[in-house]
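Breakdown of the fold
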Amino acid sequence: MSIRVVVADDQELVRSGFSMILEAQEDIEVVAEAGDGAEAVAAVRRHGPDVLLLDIRMPVMDGLEAARRVCAQSGCKVVMLTTFDLDEYVYEALYAGASGFLLKDVRRDDLVHAVRVVAAGDSLLAPAVTRRLVADVVSRRRAEAAASVTPQRLDVLTAREVETLRLLARGLCNSEIATAFFVSEHTVKTHVSNVLGKLGLRDRVQAVICAYETGLVTPGNP
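Residues numbered from 1 in each chain as written. Predicted model: local features only at pLDDT ≥ 70, side-chain atom pairs only at ≥ 80, totals over all residues. Heavy atoms only, no water.

**Observations concerning the overall build of the protein**
Each helix and strand in the protein was counted, giving 10 helices and five strands. Here the contacts in the protein between residues at least 6 apart in sequence split such that 67% fall between residues at least 24 apart. Accessible area for the protein stands at about 10,400 Å²; split by element, carbon and sulfur atoms hold 50% of it. (Helix = DSSP H or I, 4+ residues; strand = E, 2+ residues; numbered from the N terminus. Contact = heavy atoms within 4.5 Å. Areas by Shrake-Rupley, 256 points an atom, 1.4 Å probe, with all protein chains shown as cover.)

This is how it looks when you write it as structure tokens:
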């Protein structure tokens, strides 16, 4: 079954270029393109894609608001597109529910890989820059979140699930966690699924944010 993708960018050449790259893959189908955030939200409602590539800065409705609506209303995974690796909007995108972000000058192979990774339910946390972004935004906003996010929130997790969350926050993939626990990757997937389900989290990005917000890990001291 093909991975269904919507590409949203206000620059026609950019979205056409991304669409051509993705359409060249046997396992990916671009079901729609959009030139602004409102069109992107409508396209997701109409086509029910697996992944939405979404530019942060767009007219009519910006990518952040579009991401919030898409993540709240569907199971579509959102990958934000930006021209700046330390753009303040990247922080906002993570809180909006995005599963990661890509720079617009991303290499062809990395673009394709990102779509496949996100569609499979993982997130773009491998690059160290993404983990730094998460750590930075959470450290700056922990005071704001303190009223609604507390360490007691983790009481619903078993000891092994807490350790799973800790390793997720360090950026470990399933195979690395499996090695650390001396268990199978299937068992790790079960732990990760339990963590997300019990905490009401959308994906691994939100799990990492939760780990920082609750103080399970702290920037520079995972």
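**Let's talk about the pairing of strand β3 (residues 51-55)**
Counting buried positions along β3 gives five out of five residues, so the element sits mostly inside the fold. Because side chains alternate across β3, one face comprises the buried residues Val51, Leu53 and Asp55, and the other comprises Leu52 and Leu54, equally buried. Relative to strand β4 (residues 77-82), β3 is paired through five bridges, and the arrangement is parallel. Its bridge partner being in β4, Leu52 is matched across the sheet by Val78. Regarding the hand of the β-α-β motif, the stretch spanning β3, helix α3 (residues 63-73) and β4 is right-handed. (Buried < 20%, exposed > 50% of the residue type's maximum accessible area, 1.4 Å probe, protein only. Pairing = 2+ DSSP bridges. Right-handed = clockwise from strand over helix to strand, strands pointing away.)

**Section: the packing of helix α2 (residues 37-47) against α3**
Relative orientation of the contacting elements α2 and α3 amounts to 15°, with a least axis distance of 9 Å. On the basis of the axis angle, α2 is roughly parallel to α3. The handedness of the crossing between α2 and α3 comes out as right-handed. Each of Gly37, Val41, Val44 and Arg45 in α2 lies in contact with α3, whose residues at this interface are Ala66, Arg69, Val70 and Gln73. Across the contact of α2 with α3, the residue classes break down as four nonpolar, two polar and two charged. (Axes fitted to C-alpha atoms, helices over the stretch in contact; angles between N-to-C directions. Parallel < 35°, antiparallel > 145°, perpendicular 65-115°, else oblique. Left-handed = near helix turned anticlockwise from the far one by under 90°. Nonpolar A, V, L, I, M, F, W, Y, C, P; charged D, E, K, R; others polar.)

**A few points about the sheet that holds β3**
Hydrogen bonds between backbone atoms are what pair the strands of a sheet, whose relative direction is either parallel or antiparallel. Spatial ordering of the open sheet is given by β2-β1-β3-β4-β5, a layout of five strands whose pairing is parallel. Two strands lie at the open edges of the sheet, namely β2 (28-34) and β5 (100-103), each paired on one side alone. Between one strand axis and the next, the sheet turns through 25° on average, direction left out of account. Against the sheet, helix α1 (residues 12-23) touches β1 (3-8), β2, β3 and β4, its axis set at about 165° to β2. With respect to the sheet, α2 is in contact with β1, β2 and β3, its orientation differing from that of β2 by roughly 135°.

**A word on the side chain of Asp9**
Structurally, Asp9 is set in the loop between β1 and α1. You can call Asp9 buried: its relative accessible area is 0%. Those residues in contact with Asp9, other than ones at most four positions away along the chain, are Val14, Arg15, Ala34, Gly35, Asp55, Met58, Leu81 and Lys104.

**As for unusual backbone geometry**
The backbone of Val60 sits at a positive phi, close to 70°, despite the residue not being glycine. Residue Val60 is classed as exposed on the basis of its relative accessible area, which comes to 73%.

**Some remarks on the pairing of β2**
Of all seven residues making up β2, five are buried, and the element is well covered by its neighbours. The sheet contact formed by β1 and β2 spans six bridges and is parallel. Its bridge partner lying in β2, Val5 is registered against Val30. For the crossover from β1 across α1 to β2, the handedness is right-handed.

**Points about the pattern of salt bridges**
Tallied over the entire structure, the rule returns nine salt bridges. As a salt-bridge pair, Glu33 and Arg15 come within 3.4 Å of each other at their nearest N and O atoms. Here the residue Glu33 occupies a position in strand β2, and Arg15 occupies one in helix α1, the gap between them amounting to 18 residues. Judged by relative accessible area, which is 16%, Arg15 ranks as buried. Salt bridges here are not isolated pairs; linked through shared partners, they connect Asp9, Asp55 and Lys104. (Salt bridge = Lys/Arg side-chain N within 4 Å of Asp/Glu carboxyl O.)

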